[in-house]
Amino acid sequence: MATLVTFHAHPDDECIVTGGVMRKAFEEGHRVVLVVATRGEAGEVPDFLEEGEELWQRRVVETHAAADLLGVARVEFLGYRDSGMMGDELNDQPGSFWTADVEEAAQKLAAILVEEDAKVFTTYDSFGGYGHPDHVQTHRVGMRAAEIAGTPAVYQAMVRESEFREAFRMAGIEEPPSLGEGAVPESQINVGVDVTKYLEVKRQAMRAHASQIPEQSFFLSLDEPTFAHAFGTEWFIREGHEPATALDL
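Residues numbered from 1 in each chain as written. Predicted model: local features only at pLDDT ≥ 70, side-chain atom pairs only at ≥ 80, totals over all residues. Heavy atoms only, no water.

Undergrad: I'm lost on the overall build of the protein chain in this one. Help?
TA: Helix and strand counts for the protein chain stand at 9 helices and 7 strands. Computed over C-alpha atoms, the radius of gyration of the protein chain comes to 17 Å, within 12% of the 18 Å expected from 2.2 N^0.38 for 249 residues, which places it in the range of a compact globule. The principal-axis extents of the C-alpha atoms in the protein chain amount to approximately 45 × 45 × 35 Å. Within the protein chain, the proportion of its 249 residues that are buried is 54%. Expressed as a percentage of contacts within the protein chain between residues at least 6 apart in sequence, the contacts between residues at least 24 apart total 78%. Of the roughly 11200 Å² that the protein chain leaves accessible, carbon and sulfur atoms contribute 48%. One finds the centroid of the 20 positive side-chain charges in the protein chain at a distance of 5 Å from the centroid of its 44 negative side-chain charges. (Helix = DSSP H or I, 4+ residues; strand = E, 2+ residues; numbered from the N terminus. Rg over C-alpha atoms; globule rule 2.2 N^0.38 Å. Buried < 20%, exposed > 50% of the residue type's maximum accessible area, 1.4 Å probe, protein only. Contact = heavy atoms within 4.5 Å. Areas by Shrake-Rupley, 256 points an atom, 1.4 Å probe, with all protein chains shown as cover. Lys, Arg positive; Asp, Glu negative; His and termini not counted. Charge placed at Lys NZ, Arg CZ, Asp CG, Glu CD.)

Undergrad: What am I meant to see in the environment of Val-159 here?
TA: By secondary structure assignment, the location of Val-159 is in the loop between β5 (153-158) and α6 (161-170). On the basis of relative accessible area, Val-159 is assigned to the partly exposed category, the value being 24%. In the structure, Val-159 is positioned 27 residues away from Glu-186 in sequence and 7.9 Å away in space, judged by C-alpha atoms. Sequence-distant contacts of Val-159, that is, excluding residues within four places in its chain, are made with Phe-164 and Leu-179.

Undergrad: Looking at this structure, how should I read empty space enclosed by the protein?
TA: A water-sized probe, rolled over the atoms, reveals where empty space remains. Per the stated rule, a full pass over the model turns up 1 cavity of 30 Å³ or more. If you add up the space inside the largest cavity, you get close to 30 Å³. Residue lining of the largest cavity: Asp-125, Phe-127, Gly-129, Met-158, Val-159, Leu-179, Ala-183 and Val-184, and that is the complete set. Of the residues belonging to the lining of the largest cavity, the class tally is 6 nonpolar, 1 polar and 1 charged. (1 Å grid on protein atoms, 1.4 Å probe; cavity = no way out; pocket = protein on both sides within 12 Å on 5 of 7 lines; lining within 4 Å. Points joined across faces, edges and corners; volume = space filled by probe spheres on them. Nonpolar A, V, L, I, M, F, W, Y, C, P; charged D, E, K, R; others polar.)

Written as structure tokens, this is what we have:
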């Protein structure tokens, strides 16, 4: 049994970009650990919060529910605040993940990698998928933490833009959004993991994050073929290695 540690910026990110490989690792007998940088304080505030309940409290509960579905043995939050979208006034507030000292945050994460004796670690590509400041910081902190811990197999999760845009077109959206200027070219992808076997549990994990992924959301409203096209393969960069169809667990 090996340990997979997967690092994400906010609650719900884990099920969208790595939910399949997490469940796959679990079903193959490996230990799965989820580390989340923030509690998603800057997310959309739903109208179903209980009186006095903060959004971050609900999102922590949702994270644990999704983690149970994905086979996660341990969930840890690094304790930083959600920085909001790029350019938001939240970016520079004290305690935001965007303002965190990379070395300090990396040391926190590296301690978990060492404690877990992680063989495989996932973070994000250098653009964070779509340029969100917390996602960019997840890449910086994640890569440094893996270096400190000496984690042998490091994968940078990313979105294959052409495939995702095609899923939008399949859903009837003529002009799908782009990932944004600065996105890492998909030509750098060298690992694609087929997770179609785990799509139903991946959808259930998304559904567990009801505050941010409601039933009427784009993701959950997709029919099965379109959902499979958008989420049936999870894509990664593993620098310095040959193309592969599985994580090195």
